[in-house]
Amino acid sequence: MTYTLVLLRHGESEWNAKNLFTGWVDVPLNDKGRAEGVRAGELLRDAGVLPDVVHTSLLRRAINTAATALDGADRHWIPVRRSWRLNERHYGALQGKNKKETLDAYGEEQFMLWRRSFDVPPPPLDDDSEFSQAGLPQYADLGADLPRTECLKDVIVRFLPYWESAIVPDLQAGQTVLVAAHGNSLRALVKHLDGISDEDIAGLNIPTGMPLVYELDESLQPTVKGGRYLDPEAAAAAAAAVANQGR
Ligand SMILES: O=C(O)[C@@H](CO)OP(=O)(O)O
């Protein structure tokens, strides 16, 4: 008995294309991102990997990628659950800043510490910033717990309770689960599933719009480490492009 889990990072957003740090800013997909959602649905359909339930973040780029992909796979009707715990890493004061300009201003070491270190968050974002989420109704329940910045370690801490309480029970009920989320929230999950060290996770990048399928055994260990991308060549090229952002 194995469980099937499909991870899908949203398609390209308007800010991915502009090379801006995004985090919790709720930017839309662009045309390429919408096309990536369509392609993801075709890949799922052609592989016969048909989700029974979808979990998404509260951000429209993940919500709309999931809807497009599921539409293409004729699974538009399945139950949906959403949680802020699947949101992208809050990028703090870097939200809205250009990645190349940040690299040029602060240098490679600081840039990579903020971008890919395990436990160094960027400076916090002021609540009066135009890129703040303070006061938004979708986060009202968080109260003072609303993040103002996060490192990957923080994302793991807020992601894992949702994994345990909402996603694992669906898997254990025998459902094929689609998780539509973000580069860094999915890095948190992959780190957990594959047992990747705090150092090595820096080298892992998740491409936009590429379904990644994990078969998990009864103790929720991947039968194949790293899972399998339904289009491995395209996924490898796209992951390399993510790694090179800012350059
Ligand atoms: O800007 C962001 O929110 C993320 C994902 O797009 O960027 P990065 O890959 O640099 O962590």
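Because the structure is a prediction, the values reported are computed rather than measured. (Residues numbered from 1 in each chain as written. Predicted model: local features only at pLDDT ≥ 70, side-chain atom pairs only at ≥ 80, totals over all residues. Heavy atoms only, no water.)

### Here's the deal with the pattern of salt bridges
Move 1: This structure, assessed with the given rule, holds 10 salt bridges.
Move 2: The residue Arg-60 makes a salt bridge to Asp-26 at a minimum N-O spacing of 3.4 Å. With a gap of 34 residues between them, Arg-60 in helix 3 (residues 60-72) and Asp-26 in the loop between helix 1 (14-18) and helix 2 (31-47) connect regions that are remote in the sequence.
Move 3: Overall, Asp-26 belongs to the partly exposed group, its relative accessible area being 26%.
Move 4: The salt bridge involving Asp-31 is made with Arg-34; its shortest N-O contact spans 2.7 Å. One end of the pair is Asp-31 and the other is Arg-34, both in helix 2 and 3 residues apart, which spans about a single turn. (Salt bridge = Lys/Arg side-chain N within 4 Å of Asp/Glu carboxyl O. Helix = DSSP H or I, 4+ residues; strand = E, 2+ residues; numbered from the N terminus. Buried < 20%, exposed > 50% of the residue type's maximum accessible area, 1.4 Å probe, protein only.)

### So, the UniProt feature "active site" (unreviewed entry) in the protein chain
Move 1: Look at the UniProt record and you will see "active site" (unreviewed entry) annotated at His-10 and Glu-88. The largest pairwise C-alpha distance within this set of annotated residues, which runs over 79 residues, is 10.4 Å, so the set is compact in three dimensions. Taken from the residues named earlier, the lining of the largest cavity is made up of His-10 and Glu-88.
Move 2: Among the secondary structure elements, His-10 is positioned in the loop between strand 1 (3-9) and helix 1.
Move 3: Those residues in contact with His-10, other than ones at most four positions away along the chain, are Asn-16, Leu-29, Arg-61, Ala-62, Thr-65, Ala-181, His-182, Thr-208 and Gly-209.
Move 4: Residue position: Glu-88 is located in the loop between strand 3 (80-82) and helix 4 (99-116).
Move 5: Look at Glu-88 and you get buried, because its relative accessible area is 6%.
Move 6: Sequence-distant contacts of Glu-88, that is, excluding residues within four places in its chain, are made with Gly-23, Trp-24, Leu-59, Arg-61, Glu-150, Arg-158, His-182, Gly-183, Asn-184 and Ser-185. (UniProt positions renumbered as here; feature names shortened; annotations may be inferred. 1 Å grid on protein atoms, 1.4 Å probe; cavity = no way out; pocket = protein on both sides within 12 Å on 5 of 7 lines; lining within 4 Å. Contact = heavy atoms within 4.5 Å.)

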